[in-house]
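Notes for the structure review
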Amino acid sequence: MSSIPTQRGDRTTGSRPTVLVVGNGMVGHRFVEAAIERGLSSTHRIVVVGEERRQAYDRVHLSALFDGFTPADLALAEPNLYDEAGVEAILGETVDRLDTAAHLAVTSSGREITYDACVIATGSAPFVPPIPGTDAAGSFVYRTIDDLEAIRHWAAGCRTGAVVGGGLLGLEAANALRLLGLETTVVEFAPRLMAVQLDDGGGRALLHHVEGLGVSVRTGAAAAAVRTTPDGRVAGLSFSEGEDLDAELVVFAAGIRPRDQIARDSGLEVGERGGVIIDDRCATSAEDVYAIGEVANHAGKVYGLVAPGYAMADVVAARLAGEEAAFTGSDTPTKLKLLGVDVASVGDPQAVGDEVVVSDPRTGTWKKVVVDAAGNVAGAVLVGDVDAYPLLVQAVRGSIPTPDLLSLLQPASGEAGSGPADLPDEAIICSCHNVSCGTIRKAVDDGCETVADVKGCTKAGTGCGSCVSLIGELVDARLIAAGKTVEKRLCPHFELSRPELYEVVRATGIRTFAELVTKHGTGTGCEICKPVAASIFASLGSGYILDGEQAGLQDSNDHFLANIQRDGTYSVVPRVPGGEITPAQLIAIGEVARDFDLYTKITGGQRIDLLGARVEQLPAIWGRLIDAGLESGQAYGKSVRTVKSCVGSVWCRYGVQDSVKLAIDLENRYRGLRAPHKIKLAVSGCARECAEAQSKDVGVIATEKGWNLYVGGNGGARPAHAVLLAEDLSTEELVRSIDRYLMWYVRTADRLERTAVWQRKLPGGIDFVRRVVMQDELGIGAELEADMEAHVGAYRCEWTETLESPERLARFVSFVNTDLPDPSVTHVRVRGQRIPETTR
Amino acid sequence: MTITEPELRTTATTWEPVCDLKRLTPGRGVAALVDGAPVALFHLGEGETFAIGNVDPFSGASVLSRGIVGDVDGVPTVASPIYKQRFDLRTGRSIDDETVAVSAYDVRVVDGICEVRPGGTLP
Ligand code: SRM
Ligand SMILES: Cc1cc2nc3c(=O)[nH]c(=O)nc-3n(C[C@H](O)[C@H](O)[C@H](O)COP(=O)(O)OP(=O)(O)OC[C@H]3O[C@@H](n4cnc5c(N)ncnc54)[C@H](O)[C@@H]3O)c2cc1C
Ligand code: SF4
Ligand code: FES
């Protein structure tokens, strides 16, 4: 073992002063980083002693190891960061004792290290209750990579598992066991889950979700002993009351205790319930000794979260570098996803004050806000729906006045909680140009009345464009608040909004743009109103979209039935209904891609994208794909895209319905439907939700009795969770409900408005949607179904139709006057494929 | 900032025949190579034809012929299919950023054939 010099640096010898860091966990590492950033690594000798053999890793995302991450993915630093900065790391060793008077540390291998400053960052240890049997083989804790690897190894031979502890950590461990395929039971001493954060209502909401995932829960149960087999393996748990539980593996996740043993042994002051006591400088009672992270006790509080620890690490690094800095406590709002359930805690939810609680057992949401005597928000807990989180964080910090809590928390009015009117002025709306909500509001106050105006004077919305719909909502909300009328006109050529135009077209039977703009608009149209009219004509079934005058109306993508790319070439995406594809079709796609030298990539929508086709190549490419039995995937249209599926009951051991078949049937039913924005669907075969149905415009999840229908979800720039519309529908009921929902959306949504925004803006929100779609309150159900039936009957693959007609093919040329390929399209090869040479 | 066409040409005196007017869908454009330069040619119906450089200066892609034609307060425009900036079909100037322009070309129709004069002019 290499010997470390033991002499203490001082001015007389000229050697550098030594900073000793005890513990190389998240916070200890953060300290090293902060020290390097401040140049301390060149003025000081930094020595790190860490018990774990691995260099610091991301403990917060530990569970990702059961989700495909490797230990290397969790590493917090590049492997050579310490070496390059000259930081000495001694791993696999502990510091066991400090002689604070002599400024000397002694390690488990007997090594002596003299320090000028010592930083204790030893974190905490899992608490294992003092009951018999916890040392049996198959009993684990959940804190380190080694713990998780041992759990995975042991679980391979097991069918059942138990977790002791129903708090944050316990639920995380339960999820891990679930992912390992174990039948899992959570045992909690308190009468509810997450007893520290939640009250009974919140606990019940969480229970609903957890049990829905197939995890059993026993609350109010005190484990009395770990039962073991004669050969010393875990067999289950016994309780002070009630039946024994069988389990071949037990994880203890019942809380943590600060690892303050060296501090105790070395005479440092520790708190009553543990933790090395520190002041605002993070200094302990011993000279030149600091403590940071989970081992530290500041103002009587030990933080079990990483953010306050990081703040402490920064304070100590700054002070050692001669800067002023102090740790004055932390309000640590937290938002987590536990077993797929969003949970958030803000401020101090246990504060004394009036409580506003909104709970909906049906959807498993529960929200509580505590308001103090002065009327300020003191704390809040949200389960199941955390939309109100950003506003509540601002409210607790006092940067916004107390919002109207009922409307903030109520799902109906509020998803209004996430509505734009409630966003704080500081919120960044356009990330491309860093434009805040306040700037946009001011622009409206200064006279902007439309999104176009706002784009002009703030640049917001002129980058990627993903914030445009939000800007629209902000403008409308501001105008309404100022008592002005909201500009609903589609564009300078039409006073009407998109839904009004739809009604006009439907009622009058007008099917040409020329007539529409003459009778109901002005001028000759533009790039906004023309595609809207084209989409409405298409939704109302006016045949091939590129015939006659319609050709001039289509967006460039629709005009060439392909998506334009940055270099002016196009992409080709064949439809793969439900993601199911035959080997022969895969081969055909591969052959086309090879023969036309197209860049090939699997999309996020379970299909295959072939990129880099020149206009004049599109017909030949599609000719071959169609011969192989494929058809247009309409990736280019504002229309139905994909119906994602999971493997479902045919193969999957958990599936309860044939999700693939339903997905294919739905995709074949709705393919080609043009809409105000794109529409995505998904079908999962069970509640494990592998198809991510709850993030789709229409999501279907199989149940034992039928299908649950979710609506209004999307990913994109402003992700939205879909909302449960109806449960346990038969396939027939399901299809009828989706028919109505989609057609109603097509009729009444604004241009480029996805279902989530549309349904939120409807008066009465999702309840209204439920009454119209499920109870036919408006009496338009039959009409909507008939419109959909007409669409289904009239569907034809647009590429098949195009290839049938030489006239239609005439437009697919790079130049009208020569067969030369476009010389501006140039490529380079990367990873064996062709990509555009940078065009900008 | 001024972004210009790749090359500035002197205005030629000859006309180059490009295609039969029937190849142009009213309200849509086509691209042509005129003396080696990519040109976007538009027919707005009623005999109105326009030609401007085909390379969209905002993206560098040769695509303006594939944009949607319309009008802004009566000015005939095309919107680039890439990032949607609009150009005045008469002058080539961008409506959305006055400092940017593409060349405009003279066009005429003789005996049903569209002709373009090579070497456009920048406004
Ligand atoms: C190809 C693909 C990326 C990939 O390589 O995986 C893709 C590519 C494009 N996406 Fe996407 N999206 C693709 C999956 C997604 C997904 C994931 C999914 O569907 O599961 C999302 C988020 C989920 C969602 O939509 O809710 C997604 C959210 C967007 C958005 C944001 C929509 C929103 O509501 O905010 C846009 C912008 C838009 O549509 O206005 C967009 C727009 C685009 C466009 C059309 C941008 C454009 O106009 O050029 C890209 C065209 C590429 C092309 O030519 O093929 N793409 N896009 C994926 C095609 C899936 C398919 O098979 O059809
Ligand atoms: C599964 C899991 C999920 C979590 N999720 C979240 C979350 O979502 N959000 C959040 O904020 N926090 C979360 N945490 C907590 C977070 O990981 C901790 O707050 C953070 O790791 C604390 O950092 P630390 O450096 O103080 O302690 P640690 O990261 O535990 O590091 C301490 C290190 O010191 C070593 N050590 C101990 N004694 C000695 C000694 N005498 N000599 C040398 N080395 C020693 C230990 O082996 C350890 O490597 C989670 C924790 C776990 C286990
Ligand atoms: S969602 Fe589908 S693949 Fe996932 S577990 Fe259920 S049936 Fe299996
Ligand atoms: S344009 Fe606003 S976020 Fe990109």
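The sections below set out a description of the structure shown in this document.

Rules used in this analysis
- Residues numbered from 1 in each chain as written.
- Chains lettered and ligands numbered in written order.
- Predicted model: local features only at pLDDT ≥ 70, side-chain atom pairs only at ≥ 80, totals over all residues.
- Heavy atoms only, no water.
- Near = heavy atom within 4 Å.
- Polar contact = N/O pair within 3.5 Å; in protein donor to acceptor, adjacent residues only side chain to side chain.
- Nonpolar A, V, L, I, M, F, W, Y, C, P; charged D, E, K, R; others polar.
- Patch = residues over 30% accessible without salt bridge, like charges linked within 9 Å, V, L, I, M, F, W, Y side chains within 5 Å.
- Areas by Shrake-Rupley, 256 points an atom, 1.4 Å probe, with all protein chains shown as cover.
- Salt bridge = Lys/Arg side-chain N within 4 Å of Asp/Glu carboxyl O.
- Helix = DSSP H or I, 4+ residues; strand = E, 2+ residues; numbered from the N terminus.
- Buried < 20%, exposed > 50% of the residue type's maximum accessible area, 1.4 Å probe, protein only.
- Pairing = 2+ DSSP bridges.
- Right-handed = clockwise from strand over helix to strand, strands pointing away.
- Contact = heavy atoms within 4.5 Å.
- Core = buried A, V, L, I, M, F, W, Y, C linked by side-chain atoms within 4.5 Å.
- Axes fitted to C-alpha atoms, helices over the stretch in contact; angles between N-to-C directions.
- Parallel < 35°, antiparallel > 145°, perpendicular 65-115°, else oblique.
- Left-handed = near helix turned anticlockwise from the far one by under 90°.
- Phe/Tyr/Trp six-rings, centres within 6.5 Å; stacked < 30°, edge-to-face > 60°.
- Lys NZ or Arg CZ within 6 Å of the ring centre and 35° of its normal.
- Buried area = accessible area lost by both parts, 1.4 Å probe.

**Focus: the site of ligand 1**
Residues and elements named next belong to chain A. The environment of ligand 1 is made up of 19 residues, and the closest members are Gln565, Thr603, Gly604, Gly715 and Arg754. The separation between an oxygen atom of ligand 1 and a polar side-chain atom of Asp609 is 2.7 Å. Between ligand 1 and Arg754, the relevant distance is 2.7 Å, taken from an oxygen atom to a side-chain nitrogen or oxygen of the residue. Class assignment for the residues of the shell around ligand 1 results in one nonpolar, 10 polar and eight charged.

**Quick look at a nonpolar patch on the surface**
All names here are of chain A. A cluster of nonpolar side chains, namely Val647, Val650 and Trp651, defines an oily patch on the protein surface of about 390 Å² accessible area. Along the chain, Val650 turns up in the loop between β32 (640-645) and α22 (659-670). Here Val650 falls in the exposed class, since its relative accessible area comes to 53%.

**Details of the pairing of strand β1 (residues 18-22) of chain A**
All names here are of chain A. Most of β1 sits inside the fold, with five of its five residues counted as buried. Burial along β1 is two-sided: Thr18, Leu20 and Val22 facing one way and Val19 and Val21 facing the other are all buried. As defined by bridge partners, β1 adjoins strand β2 (residues 45-50) across five bridges and the pair is classed as parallel. Each bridged residue has a counterpart across the sheet, and for Leu20 the counterpart in β2 is Val47.

**What about the pairing of β32(A)?**
All names here are of chain A. The element β32 is largely enclosed, with a buried count of six among its six residues. Across four bridges, β32 lies against strand β33 (residues 679-684) in parallel orientation. If you follow Ser645 over to β33, its bridge partner there is Val683. A crossover connection joins β32 to the parallel β33 through α22; in handedness this β-α-β unit is left-handed.

**Brief notes about the environment of Gly27(B)**
Note that Gly27(B) resides in the loop between β1 (16-20) and β2 (28-34). Gly27(B) gets classed as buried once you look at its relative accessible area, which sits at 14%. In this structure, Gly27(B) is in contact with Lys530(A), Gly552(A), His43(B), Leu44(B) and Val69(B), ignoring residues within four places of it in sequence.

**Points about the environment of Ala32(B)**
Structurally, the position occupied by Ala32(B) is in strand β2. Between the C-alpha atoms of Ala32(B) and Asn54(B), which are 22 residues apart in sequence, the distance is 8.5 Å. For Ala32(B), the contacting residues outside a window of four places in its chain are Phe815(A), Val816(A), Asn817(A), Val18(B), Ala37(B), Pro38(B) and Val39(B).

**Regarding the nonpolar core**
Residues and elements named next belong to chain A. Ile738 and Trp744 are the most contacted members of the largest nonpolar core, which totals 62 residues. Here this core gets nine residues from one element, more than from any other, and that element is helix α23 (residues 731-748). In terms of nonpolar packing, the next biggest core, distinct from the first, is built from 51 residues, Leu20, Val32, Ile120 and Ala286 among them.

**Quick notes on the packing of helix α13 (residues 437-445) of chain A against helix α14 (residues 451-458) of chain A**
Residues and elements named next belong to chain A. Packing of α13 against α14 leaves a shortest axis separation of 10 Å and a crossing angle of 115 degrees. By the criterion of interaxial angle, the relationship of α13 to α14 is roughly perpendicular. In terms of crossing hand, the pair formed by α13 and α14 is right-handed. Across the interface between the two elements, Thr439, Ile440, Ala443 and Val444 of α13 pack against Val454, Cys457 and Thr458 of α14. Taken together, the residues of the contact of α13 with α14 sort by class into five nonpolar, two polar and no charged.

**Let's talk about the site of ligand 3**
Lining the immediate environment of ligand 3, one finds Cys646(A), Val647(A), Gly648(A), Cys652(A), Tyr654(A), Gly655(A), Gly685(A), Cys686(A), Arg688(A), Glu689(A) and Cys690(A). Classifying every residue of the shell around ligand 3 gives six nonpolar, three polar and two charged.

**Overview of the pattern of salt bridges**
Charged atoms that come close allow side chains of opposite charge to pair. All names here are of chain A. Scanning the model with the defined rule gives 52 salt bridges over all chains in all. In this structure, Asp595 engages Arg624 in a salt bridge whose closest nitrogen and oxygen atoms are separated by 2.8 Å. Highlighted residues: Asp595 in helix α20 (residues 583-595) and Arg624 in helix α21 (residues 618-627), separated in sequence by 29 residues. Residue Asp595 is classed as partly exposed on the basis of its relative accessible area, which comes to 42%. You can call Arg624 partly exposed: its relative accessible area is 32%. The residue Arg747 makes a salt bridge to Glu783 at a minimum N-O spacing of 2.7 Å. Pair noted here: Arg747 is in helix α23 and Glu783 is in helix α26 (residues 781-794), with a separation of 36 residues, a long-range link. Each of Glu503, Arg506, Arg747, Glu783 and Asp787 takes part in salt bridges that share partners, so that together they form one network.

**Examining the packing of aromatic side chains**
Each pair of aromatic rings is reported with the distance of its centres and the angle of its planes. Residues and elements named next belong to chain A. All told, the structure shown has 12 aromatic pairs over all chains when counted by the stated rule. Ring centres 5.8 Å apart and planes at 75 degrees place the aromatic pair Phe560 and Phe812 in the edge-to-face group. With Phe560 in helix α19 (residues 556-560) and Phe812 in the loop between α28 (806-809) and β37 (827-830), this residue pair connects regions lying 252 residues apart in the sequence. Classification of Phe812 as buried rests on a relative accessible area of 3%. Between Tyr741 and Trp758, the ring centres sit 5.5 Å apart and the planes meet at 70 degrees, which makes this aromatic pair edge-to-face. In this pair, Tyr741 sits in helix α23 while Trp758 sits in helix α24 (residues 755-761), placing the two residues 17 residues apart along the sequence. The exposure class assigned to Tyr741 is buried, which follows from its relative accessible area of 0%. Put simply, the rings of Phe560, Tyr570, Trp622, Trp799 and Phe812 touch in pairs and so form one group of aromatic residues. It is Arg30 that lies over the ring of Tyr310; its NZ or CZ is 5.8 Å from the centre.

**Comments concerning helix α16 (residues 498-508) of chain A**
All names here are of chain A. The complete set of buried residues in α16 reads Arg498, Pro499, Leu501, Tyr502, Val504 and Val505. Residues of α16 that are buried in the fold lie against α17 (513-520), α18 (529-539) and α23. Backbone geometry just downstream of α16 places Gly509 in the positive-phi region, at approximately 75 degrees.

**Considering the interface of chain B and chain A**
Between chain B and chain A, the residue contacts involve 28 residues of the former and 35 residues of the latter. Between chain B and chain A lies a buried interface of about 2,500 Å² when both sides are counted; carbon and sulfur atoms form 55% of it. Where chain B packs against chain A, one counts zero salt bridges. Linking chain B to chain A there are nine residue pairs in polar contact (both at pLDDT 80 or more). Looking at the side of chain B that touches chain A, the elements that each hand over two or more residues are β1, β2 and β5 (68-72) of chain B. Along the lines of polarity and charge, the residues of the side of chain B that touches chain A split into 16 nonpolar, six polar and six charged.

**Brief notes about unusual backbone geometry**
All names here are of chain A. If you check the backbone angles, Gln606 has positive phi at about 60 degrees while not being a glycine. For Gln606, the position within the fold is in the loop between β30 (599-602) and β31 (608-613). The phi dihedral of Arg831 falls on the positive side, at around 45 degrees, and the residue is not glycine. If you trace the backbone, Arg831 turns up in the loop between β37 and β38 (833-836). Since its relative accessible area comes to 76%, Arg831 is described here as exposed.

**A word on the sheet that holds strand β29 (residues 570-572) of chain A**
Residues and elements named next belong to chain A. If you walk across this open sheet you meet the four strands as β28-β29-β31-β30, and the pairing is antiparallel. Two strands lie at the open edges of the sheet, namely β28 (563-564) and β30, each paired on one side alone. Each of β30 and β31 is contacted by α20, which is oriented at about 15 degrees to β31, the strand it contacts most. Contacts from α21 reach β29 and β31 within the one sheet, and its direction differs from that of β29 by about 5 degrees.

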